[in-house]
Amino acid sequence: MDSKFGEQKSKIVYPPGAIPLATAAIWTQNWRERQELQDINGYFIPMEDINEAKAESGADNMRGYLGIDDEGVNHLLLVGVDSKGNDMIDELNGQFVYDHTLPCPQQCGDGNVLNGGK
């Protein structure tokens, strides 16, 4: 893990689909630094992601961040957002970054005008 973002010293238990904030920070930085055109048309977002982030205490909305992992795979990371519009990313208080999403292409469904199909 990149020491630039530090390491969490406590033993946090992450729910299924949640990733460490430090990992999310690296992935979103990778996305921002990527120079070539992106080849992703959209993302499949399981209701599980939405329900988990929504269930966080005080989450009124959600925000998505684009990221690229160390293998070059694109991700859409979801976080709960409070009533003031702030991200809720406090792992010690059970507010996590969620990553169950799957990119399109790969998980596109039937072709249509939004995903590049007919």
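A brief structural summary. (Residues numbered from 1 in each chain as written. Predicted model: local features only at pLDDT ≥ 70, side-chain atom pairs only at ≥ 80, totals over all residues. Heavy atoms only, no water.)

Let's talk about the overall build of the protein chain
Filter applied, for reference: Put simply, DSSP marks the helices as runs of H or I at least four residues long and the strands as runs of E at least two long, and each gets a number from the N terminus on. The rule is simple: take the accessible area with a 1.4 Å probe, protein chains only, and divide by the maximum for that residue type; under 20% is buried, over 50% is exposed, in between is partly exposed. In what follows, residue pairs with any heavy atoms lying within 4.5 Å of each other are defined as contacts. Values of accessible area rely on a 1.4 Å probe in the Shrake-Rupley scheme; residue burial ignores everything except the protein chains shown.
If you tally the helices and strands in the protein chain, you get two helices and seven strands. Listing every helix and strand of the protein chain by position from the N terminus yields β-α-β-α-β-β-β-β-β. Counting over 118 residues, the protein chain shows a buried share of 36%. Taking all contacts inside the protein chain whose residues are at least 6 apart in sequence as the whole, residues at least 24 apart take part in 61%. With the model as given, the accessible surface of the protein chain reaches about 7500 Å², and the carbon-plus-sulfur share is 52%.

A word on the layout of surface pockets
Heads up, the rule is: Points on a 1 Å grid over protein atoms alone make up a cavity when a 1.4 Å probe fits among them but cannot get out, and a pocket when they form an open set with protein on both sides within 12 Å along at least five of seven lines; lining residues each have an atom within 4 Å of a point. Grid points are joined across faces, edges and corners, and a volume is the space filled by probe spheres set on the points. Asp, Glu, Lys and Arg are counted as charged, while Ala, Val, Leu, Ile, Met, Phe, Trp, Tyr, Cys and Pro are counted as nonpolar; the rest, among them Gly, fall into the polar class.
Considered as a void within the structure, the largest pocket measures approximately 160 Å³ in volume. In terms of lining residues, the largest pocket is bounded by L21, A24, A25, T28, R32, Y65, L77, V79, D87, I89 and V97. Elements represented by at least two residues in the lining of the largest pocket include exactly α1 (21-33) and β4 (74-81). Per-element accounting of the lining of the largest pocket gives the leading share, five residues, to α1. Classifying every residue of the lining of the largest pocket by side-chain character gives eight nonpolar, one polar and two charged.

A closer look at the pairing of β4
Stated precisely, the cut-off is as follows: When DSSP finds two or more bridges between two strands, those strands count as paired.
For β4, the buried fraction is high: eight of the eight residues fall into the buried class. A two-sided burial pattern is seen for β4, the buried positions comprising N74, L76, L78 and G80 on one face and H75, L77, V79 and V81 on the other. Hairpin connection, strand β3 (residues 61-68) to β4: the antiparallel pair is bridged by five residues, and G72 has positive phi, about 85 degrees. Looking at chain direction, β4 and strand β5 (residues 87-88) are connected through two bridges and run antiparallel. The partner of V81 across the bridge, within β5, is D87. The hairpin turn running from β4 into β5, its antiparallel successor, is five residues long, and G85 in that turn takes a positive phi close to 85 degrees.

Points about α1
Formally: An expected span of 1.5 Å times one less than the residue number is assigned to each helix.
Along its 13 residues, α1 runs 18 Å from first to last C-alpha, staying within 8% of the 18 Å computed at 1.5 Å per residue. Of all the residues in α1, the buried ones are A22, T23, A24, A25, I26, W27, T28, Q29 and W31. Packed against the buried residues of α1 are β1 (18-19), β3, β4 and β6 (97-98).

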